[in-house]
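Coordinate inspection notes
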Amino acid sequence: MKNFKGNVLFLDRSDINTDEIIPAKYLTEITKEALKPNLLEDLVLPGFSKEDTRDKAVIVTRENFGCGSSREHAPWALEVNGINVVIAENFARIFRQNMYNCGMFAIELPKEKIDYLFANYAGKDVSMEIDVDQNTITINADGKSETIDFKVGEFDKTLVKEGGWVGYADKNY
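Parameters and conventions
- Residues numbered from 1 in each chain as written.
- Predicted model: local features only at pLDDT ≥ 70, side-chain atom pairs only at ≥ 80, totals over all residues.
- Heavy atoms only, no water.
- Salt bridge = Lys/Arg side-chain N within 4 Å of Asp/Glu carboxyl O.
- Helix = DSSP H or I, 4+ residues; strand = E, 2+ residues; numbered from the N terminus.
- Buried < 20%, exposed > 50% of the residue type's maximum accessible area, 1.4 Å probe, protein only.
- Pairing = 2+ DSSP bridges.
- Axes fitted to C-alpha atoms, helices over the stretch in contact; angles between N-to-C directions.
- Parallel < 35°, antiparallel > 145°, perpendicular 65-115°, else oblique.
- Contact = heavy atoms within 4.5 Å.
- Nonpolar A, V, L, I, M, F, W, Y, C, P; charged D, E, K, R; others polar.

Looking at an unreviewed UniProt entry, the protein chain carries the name 3-isopropylmalate dehydratase small subunit, with the source organism given as Acetobacterium fimetarium.

Now the structure itself:
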């Protein structure tokens with residue numbers, strides 16, 4: 001099972017698409033490692049720099065994350081950079097499933113909770129830890145902790161625990 005804790009990158013925009021996560025010109029790469037330096041290189045967001053992704057393990061963003069072309073390369077580019085959790089209002093359907101197929105978390109929270117996270121934590125040094133068994137996110141900032149709940153389907157949780165679809169299939173078939 002992957003690590004589901006670490007520093008948070010807040011991306012305050014809806015509709016971040018797969019071409020912004022990893023540009024199409026890199027889809028011919030044959031290793032995940034080759035994708036690493038190109039994560040979010042085409043993302044247009046005031047104040048954002050690719051350097052902001054360093055040492056981050058969690059992304060918090062708005063709605064419809066991962067829209068656009070369906071490609072496994074988008075979750076792979078996140079994964080190879082140590083980002084195994086994306087928290088958003090919702091996700092493009094195929095992107096969401098690709099995350100779980102790779103053993104990564106695509107956590108959906110209501111708009112009110114996403115707004116709360118941005119209002120109270122964006123711009124600060126924040127870390128989060130996801131408890132897979134308890135369906136909780138522990139937020140650490142300014143020497144204080146707070147825990148919020150989330151919902152995830154049992155099969156998606158199983159994929160996360162098994163490290164993705166391949167790990168699940170190896171264990172069960």
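Having seen it, we continue.
Another aspect to go through is the pattern of salt bridges. Within the structure shown, the criterion is met by 15 salt bridges. Put simply, lysine 25 and glutamate 41 hold a salt bridge, and the shortest N to O gap is 3.6 Å. Of this pair, lysine 25 sits in the loop between helix H1 (18-21) and strand S2 (56-61) while glutamate 41 sits in the loop between H1 and S2; the two residues are 16 residues apart in sequence, bridging distant segments of the chain. On the accessibility criterion, lysine 25 (57% relative accessible area) is exposed. We classify glutamate 41 as partly exposed; its relative accessible area is 24%.

The next subject is the sheet that holds strand S6 (residues 136-141). If you walk across this open sheet you meet the 7 strands as S4-S3-S2-S1-S5-S6-S7, and the pairing is mixed. The two strands at the open ends of the sheet, each matched to only one other strand, are strand S4 (105-108) and strand S7 (144-149). Going from strand to strand, the sheet's axes swing by 30° on average, the running direction of each strand aside. Summarising the sheet, strand S1 (residues 5-11) and strand S5 (residues 126-131) pair through 3 bridges and their orientation is antiparallel. Bridging from a neighbouring strand, asparagine 7 pairs with serine 127 of S5.

Running from amino to carboxyl end, helix H3 (residues 93-101) crosses helix H5 (residues 154-161) at an angle of 45°, the nearest separation of the two axes being 8 Å. On the basis of the axis angle, H3 is oblique to H5. On H5, the residues that touch Arg96, Gln97, Tyr100 and Asn101 of H3 are Asp156, Leu159 and Val160. When its residues are assigned to classes, the contact of H3 with H5 shows 3 nonpolar, 2 polar and 2 charged.

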